[in-house]
Each structure stands twice: as structure tokens, then as C-alpha cells.
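The residues making up each chain are set out below.
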Amino acid sequence: MSIPAAQALVFRTRLNFHRPLIFCLHKVRKSSSIAALDVAPLVDPVIVLKNRSHNTSDVKGDESGPKWKKLSSEELGISTSMIAKPTRVVLNGLKKKGFEVYLVGGCVRDLLLNKTPKDFDIITSAELKEVLKTFQRCEIVGRRFPICHVHVDDTIVEVSSFNTTGRRFKRNSYNVVRRPAMCDEADFIRWKNCLGRDFTINGLMFDPFARIVYDYLGGLEDIRRAKVRCVIPASASFIEDCARILRGVRIAGRLGFRFSRETAHFVKELASSISKLDKGRILMEMNYMLAYGSAEASLRLLWKFGLLEILLPIQASYFISQGFRRRDKRSNMLLSLFSTLDNLLAPDRPCHSSLWIAILAFHKALVDRPRDPLVVAAFSAAVHCGGSLSDVLGVAGKISQPHDTRFSELLDFRIVESDEALLDEMMDLATYVEAALRKMTDEHFISQALTEYPQAPKSDLVFIPWALSQKVDAIFECVRRGKEKGFRQKRGSKIDYESLALGKLHEIRHIFARVVFDTVFPPHLKD
């Protein structure tokens, strides 16, 4: 479905958030139908917010909370060049039918921060049945909280209805919503929907046709302050839905934000409640943290707030053995592996979950028995080339650069004196990786991971399903069994992100080998 020219959403950036949060103003030349941009000097964000009153409408709203704000999306720097085409198709399709339509949640936050959203959520005044009639490829999914899945090409766009979310809001155990005085019906409906969100920075609503951003909860101020704050009191929010704890960690890790004091307190206080979540939900949240380019930051936050002991006790034991404090700024090999992986990924370029689980298992094998760096290089080469021993020896023979000596998992001295010894050590490492994967999916072993540390919480949580563990095992199978028939080695360094997200073996192996080699033999040491 094409987007009608008259309704196509065309904006140009006038204000960008940079890290640290600084606004960048642009002058707009109005003589052209499409505004041209001239970059002006950087301006302090507080000054910008104060001087933007001519484009800001403050409504009294709820006297107990922040003032309601309606702001120009153009001045905030939102451009539809970052809105995915399938999303624009759905926005235009609903608008053409006469329905109110908005972008809502994390995608608005990301657009304000000039980041590529992981996905786009749409909310509309249309009933879901009316959305169903608007698009040919569309179905209603979910029983408790139904939404529409609109299929545009190979993309699914999620659409919710104010009417459906309104019914969900009535079941909220905390809020009793009363319509504020001097509030029109449209503002009341939008405000009530935003009150049902998890964090204030996710409670923004964007009308791309009126070019207005609605802020009823102080979300823009929290973005400016780089804060993750619950919409309702954090204790009530996390008791109502403890998955918000993991979502908060994911958001803070990805954006480099901090929790507000109250939110941070109850993330720690209620950390153990996440063990009650469905294992599939935990896997999904962990995948969002580790597969989208912010794994290192997420792992640091999980450790800082006492969540790592519950989710990944084996890795928490490693952090303790390394003498890591909760706010430690140092690195270790596990964090370095994921930092290297992060450099290759992004919210719109994720990897399959089998890759980060493979990295966890590989690292556990090195913790159990440290190795000669040359053995690690040979192992990664064997994974990359599908078990071809001749290729492995060829790669190993060319390595002359120094390895990273900071990691206790790597021996400082060479123990391999011959090709035969190298291959034997490489096979032994493959056996250890296989054993590590079994340990990560064994409830009894998981429950014993922190027994040496009596103050640590007890956890036997295994959220990696058997089928996924088999997919991970297949990554390393070629090392144990030798060269696979019909295996085609990846050529060149360009990443096929579609194959990587789908978990295609050749691409997963390529990235695994690249991450391991660049962590053990960092490019900056080559010179």
C-alpha cells in the first residue's frame, strides 16, 4: 500500500538530543515547501525549554501532577525519516478513514533522542474491529489485552485502541481516575491512557498529522534529566507488574539513563519478584537486553541492582570471584565480550538469542579452565570455518599480535608447542563449552552456583528452553565432529543482519568468531 502524497508525513529536524542531553537548534528557511536546515550553535537544554513557550501549550490538568504540555514536534526535532515506512502506511490508512491516530510509548521517546526505535506502537480512536476493516492483512490478537497486528510487507505493526486500553485501565488496582476540571474530552482520554504506562519517558504521545507531542506526565523533563521514573509510585508499579523491573533496566541500559531514587530503591527491594515471571517472558526481556546493542550496560545494571544473581547465577558467581563491587567501573572478560558484540548490533540490527547464549557458555568454559590465547583463536577459527582443521592451522600460524593480558581466563604463557597439541586443546575446549551449556540449563547446577556466597539469594531459574539450547549446541558441533559436508564458509566481513536475526548458522558462527577474536586480540594492540 502506498502513502498518498497529500497525507505523507514530511518533517525536518529542528532539534536533536545528543549525549549528554544537549539540544541542537536549526534555522528553517520557509521559502521552500520542504524546509532546508542550517545548523545553529548548541544550546543548553534548560534554556531551550524555557524559551520555547511560544510553541508550548500548558494546560492546568491534574493539579497533583506535572503540568500538561503540548509541544511542537518540529521544534523537538522529530522527523518522519526515522518512522518506518510500514508504520506510516498504517498511520495514513487510519487517518484517511477519519480516525484519530498517534504514536505512543518508547518510539516517541526514541524519536526525541534521535535514536532509531526498536518498533513503533500506534494507538487510535478506532475500535479494533474498525482497524480490521481498514487493512486487508490484519488480525486481532490477545485475549486480556487485545490489539491488532497489521501486516505491511514483511512487517507487523501493532495497533491498540483507546477503547480497549480504557477497559484495561479500569482494572488497574492503583489509580482511581477522575476527570480534572477545565479538561476537554480529548485531553482526558489521552491523559488517562498515558497514566497506564510504565515510565514517564514512555508516557509521551505524538500526533504526526497535527505535529504535536503531548506530555501529561513530565516525560520530557525526565528525558532531559536522563531519568527512568515510574508513572505511579514505584512499589505499586512493580507489584502490579514485576516485568517493569526488567523493562526499566533494559531502557536505562540502552539509553544510558539512571533510575530516579525511588525507582532505584524498589528495583532492589523487589528484585526477587521477577522469579515469578513466566520463563518465556524472562527470555524475551533478556533478549531485549543482550541482543540489541546494549548488553554490557544491561549486565552492569543487572549486577548493580542484585538481579544478576536471580537471572544468571553462574555469571553472578563470576562477578563475585572477580571482586566486582556493585558500582564497579572496571571491566572483565565477560563484559568485554559483550562490549565487542554491542559494537556490531543496534536496536534495528539485533542478533538471534542463540548468539548471546553461546557467548555465555563459551565464557563459562574459559572460567572453568583458562586457556592459551592461541587455543582460543583456533577454536573461534574452527567455529567460523565449519570445523576445517586445515583452515584452523592456517589461521593459528599467522597470529603474531599480542593478546589482552587483563583477563584471568587467558594464560600468560604458551602451552601449545605443536599442531597436534593445538588441535587437542581446541577439542578439549569444545568439550568444556558443551558442558557449560548443560550447566546453564540444569536447575540443580544453577541452584548450587552461589553456594560459596551465603549472602547471595538462592535461584534455580532456567529460562533457556531445550530447543534453544540445541540450537546453541549446533554452533559448536562442527568443532567436535570436524568439517561439515556442504558447509559454505562466510566470505568477507559484511554482516547479513537479516540472517543474524533469524539465527542462520553461518552468520551466527561468523559473528561469534569475530567477537571472540577481537576481544582476545583487540585491534588496538596490533600496532
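Heads up: the structure comes first, above all this text.
Here goes a summary of the coordinates provided. Just so we're clear, the structure is a prediction, and the values are computed from it rather than from any experiment.

**A few points about the overall build of the chain**
When its secondary structure is counted, the chain shows 24 helices and 14 strands. Split into buried and exposed, the 527 residues of the chain put 54% on the buried side. Relative to all contacts within the chain whose residues are 6 or more apart in sequence, the contacts with residues 24 or more apart total 68%. Working note: accessible area of the chain is about 24700 Å², and carbon and sulfur atoms make up 50% of it.

**Quick look at the packing of aromatic side chains**
Scanning the entire structure with this criterion turns up 17 aromatic pairs. Between the aromatic rings of Phe362 and Phe512, the centroid separation amounts to 5.4 Å while the plane-to-plane angle is 90 degrees, which identifies the pairing as edge-to-face. One end of the pair, Phe362, is in helix α17 (residues 353-368); the other, Phe512, is in helix α24 (residues 505-520), with 150 residues separating them in the sequence. According to the relative accessible area criterion, Phe512 is buried, its value standing at 0%. Three or more aromatic residues joined by ring pairs make a cluster, and in this case those are Trp68, Tyr102, Phe162, Phe188, Trp191, Tyr214 and Tyr216. The ring of Tyr214 has Arg190 sitting right over it, with the charged end atom 3.9 Å from the ring centre. Cation over ring: Arg371 sits above Tyr432, and NZ or CZ is 4.9 Å from the ring centre.

**A few points about the pairing of strand β12 (residues 212-215)**
Note that strand β5 (residues 68-72) and β12 share 4 bridges and pair antiparallel. Note on β12: the bridge partner recorded for Lys70 is Tyr214. Sheet topology places strand β11 (residues 204-207) next to β12; 4 bridges connect them, and they run antiparallel. Opposite Leu204, over in β12, you have Asp215 as the bridge partner.

**So, the packing of helix α19 (residues 389-397) against helix α20 (residues 419-440)**
α20 packs onto α19 with a crossing angle of 110 degrees between their chain directions and a minimal axis gap of 11 Å. Considering their axes alone, α19 and α20 lie roughly perpendicular with respect to each other. As α19 packs across α20, the resulting crossing turns out to be right-handed. Only Asp419, Leu422, Leu423, Met426 and Met427 of α20 make contact with α19, whose side of the interface consists of Leu389, Val392, Leu393 and Ala396.

**Thoughts on empty space enclosed by the protein**
Summed over all chains, the structure comprises 2 cavities of 30 Å³ or more. Volume-wise, the largest cavity comes out at about 80 Å³. Top contributing element to the lining of the largest cavity by residue count: helix α15 (residues 313-321), with 3 residues. In the lining of the largest cavity, the residues fall into 10 nonpolar, 1 polar and no charged. A domain split of the lining of the largest cavity shows at least three residues from each of domain 2 (234-328) and domain 3 (353-525). If you go around the second largest cavity, the residues you meet are Pro313, Ile446, Ser447, Ala449, Leu450, Pro457, Lys458 and Ser459. Residue composition of the lining of the second largest cavity, by class: 5 nonpolar, 2 polar and 1 charged.

**With respect to the pattern of salt bridges**
Summed over all chains, the structure comprises 28 salt bridges. In this structure, Glu425 engages Arg371 in a salt bridge whose closest nitrogen and oxygen atoms are separated by 3.2 Å. Here the residue Glu425 occupies a position in helix α20, and Arg371 occupies one in the loop between α17 and α18 (373-384), the gap between them amounting to 54 residues. Both residues of the pair, Glu425 and Arg371, count as buried. Taken together, the salt bridges that share partners define one network made up of Arg369, Arg371, Glu425 and Asp428.

**A word on the side chain of Asp207**
Along the chain, Asp207 turns up in strand β11. One buried charge, Asp207, has no salt-bridge partner; the nearest side chain with opposite charge is Lys95, at 5.1 Å. Non-local contacts of Asp207, meaning those with residues more than four positions away in its chain, are made with Glu100, Val101, Tyr102, Ile212 and Tyr214.

**Re the layout of surface pockets**
Roughly 620 Å³ of internal volume is contained in the second largest pocket. Lining the second largest pocket are 21 residues, and of these Arg258, Leu301, Lys304, Arg327 and Lys329 sit closest to its centre. Those elements that place two or more of their residues in the lining of the second largest pocket are α10 (243-255), β14 (258-259), α11 (261-269) and α13 (295-304). The biggest single contributor to the lining of the second largest pocket is α13, with 4 residues.

**Brief notes about helix α3 (residues 85-96)**
Between its terminal C-alpha atoms α3 stretches 16 Å, which fits the 16 Å expected from 12 residues at 1.5 Å a residue. Turning to α3, its buried residues are Pro86, Thr87, Val89, Val90, Leu91, Asn92, Gly93 and Leu94.

**Thoughts on the environment of Ile83**
Assignment of secondary structure puts Ile83 in the loop between α2 (73-76) and α3. When the C-alpha positions of Ile83 and Thr116 are compared, they lie 8.3 Å apart, and in sequence the two are 33 residues distant. When near neighbours in sequence (up to four residues on either side) are disregarded, Ile83 contacts Arg88, Leu103, Leu111, Phe120 and Phe206.

Criteria and cut-off values
- Residues numbered from 1 in each chain as written.
- Predicted model: local features only at pLDDT ≥ 70, side-chain atom pairs only at ≥ 80, totals over all residues.
- Heavy atoms only, no water.
- Helix = DSSP H or I, 4+ residues; strand = E, 2+ residues; numbered from the N terminus.
- Buried < 20%, exposed > 50% of the residue type's maximum accessible area, 1.4 Å probe, protein only.
- Contact = heavy atoms within 4.5 Å.
- Areas by Shrake-Rupley, 256 points an atom, 1.4 Å probe, with all protein chains shown as cover.
- Phe/Tyr/Trp six-rings, centres within 6.5 Å; stacked < 30°, edge-to-face > 60°.
- Lys NZ or Arg CZ within 6 Å of the ring centre and 35° of its normal.
- Pairing = 2+ DSSP bridges.
- Axes fitted to C-alpha atoms, helices over the stretch in contact; angles between N-to-C directions.
- Parallel < 35°, antiparallel > 145°, perpendicular 65-115°, else oblique.
- Left-handed = near helix turned anticlockwise from the far one by under 90°.
- 1 Å grid on protein atoms, 1.4 Å probe; cavity = no way out; pocket = protein on both sides within 12 Å on 5 of 7 lines; lining within 4 Å.
- Points joined across faces, edges and corners; volume = space filled by probe spheres on them.
- Nonpolar A, V, L, I, M, F, W, Y, C, P; charged D, E, K, R; others polar.
- Domains from an automatic or database assignment.
- Salt bridge = Lys/Arg side-chain N within 4 Å of Asp/Glu carboxyl O.
- Lys, Arg positive; Asp, Glu negative; His and termini not counted.
- Expected span 1.5 Å × (residues − 1).

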